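# Structural overview
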Amino acid sequence: CLNGSWGNGDGLLIGAEWAMTTDEDVDPTVPSKEEDSNMGFGVNARWDTDKWIYQGNFTFITDSETSDVAGTTDDDFTGMGFQVNAGRYLKNDVDGQATAEFGLGWVSGSNEFGDPKEKDDTSVFLFPAVRVSAWENITDRFGLMGGLGFSYVMAGNTYDDGSGAGDDEGNLNFSSFDWSAGLFFQPSDNVRIDFRFEEDNLD
């Protein structure tokens, strides 16, 4: 795994990460061998001014599973996505910040597996994606933070069973909400500890 970031000291921040893992499982009693490899890459750029926020990111992942066990087929997956957003600082000072951001995103994934080859393609479009967040010091060392997000999701799926009979298609539109809230403790300028609740952790 490699990751790095760079900033110009004037509001521009760029970060990138690349990771790759491989796994091999060998059974000498059969004998058989199963292999799995996956790779991911992502880049994010953000530019802040005193009042405005601009951000974009791109992600690409791929995963491949192969096996020489009888009756087991290869499985290959690729996916990519991007998101762009712009926002405004409603408050921006040393004791607290509040922001409102508006964006859009797109995600696409393709899975090929089986014999004959089956293919399952999914694409998701998020528009609008809205996020409001804030943090505020309540003492010299403690503070509160929270955020609320909303996205309208338009998802489509195409499935080909490899028989040549044609594709099965489906569409689904829905709204998605998320929230988080918490307390932070900052004993020094370079150390901060967050205690945060998120919707997914409370199901």
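Here goes a summary of the coordinates provided. Predicted model only: the values in this text are computed from it and were never measured. (Residues numbered from 1 in each chain as written. Predicted model: local features only at pLDDT ≥ 70, side-chain atom pairs only at ≥ 80, totals over all residues. Heavy atoms only, no water.)

## A few points about the side chain of Ser180
For clarity, the threshold we go by: We count a stretch as a helix when DSSP gives it H or I for four or more residues in a row; a strand needs E for two or more, and each element gets its number in order from the N terminus. When checking whether two residues touch, look at their non-hydrogen atoms; a contact exists if any pair is within 4.5 Å.
For Ser180, the location among the structural elements is in strand S9 (residues 168-188). Once you skip the residues sitting within four places of it in the chain, Ser180 turns out to touch Arg131, Gly146, Gly147, Arg196, Phe197 and Glu198.

## Side note on the sheet that holds strand S4 (residues 52-67)
Just so we agree on the cut-off: Only strands joined by at least two bridges in the DSSP assignment are considered to pair. Every axis corresponds to a line fitted to the C-alpha atoms, with the helix fit spanning only the stretch in contact, and the corresponding angles, defined between N-to-C directions, vary from 0 to 180 degrees.
Overall, antiparallel pairing links the 10 strands, which are arranged S1-S2-S3-S4-S5-S6-S7-S8-S9-S10 in an open sheet. Each edge of the open sheet carries a strand with a single partner, namely strand S1 (2-7) and strand S10 (191-198). For this sheet the average axis-to-axis angle between neighbouring strands, irrespective of direction, equals 15°. Here S9 runs beside S10; their pairing, made up of seven bridges, is antiparallel. Bridge pairing in S10 links Ser188 to Val191.

## Details of the pattern of salt bridges
The cut-off we apply is this: When a carboxyl oxygen of Asp or Glu lies within 4 Å of a side-chain nitrogen of Lys or Arg, that pair is called a salt bridge.
Inspection of the entire model under this criterion finds seven salt bridges. For the salt bridge of Asp48 with Arg46, the shortest nitrogen-to-oxygen distance reads 3.1 Å. In this structure, the salt-bridge partner of Asp178 is Arg131, at a minimum N-O distance of 2.9 Å. One end of the pair, Asp178, is in strand S9; the other, Arg131, is in strand S7 (residues 118-137), with 47 residues separating them in the sequence.

## What to know about the pairing of strand S6 (residues 96-113)
Two strands pair when backbone bridges link them, and strand S5 (residues 75-93) and S6 are joined in this way by 18 bridges, in the antiparallel orientation. When the bridges of S6 are listed, Phe77 appears paired with Asn111. Two successive antiparallel strands, S5 and S6, enclose a turn made up of two residues.

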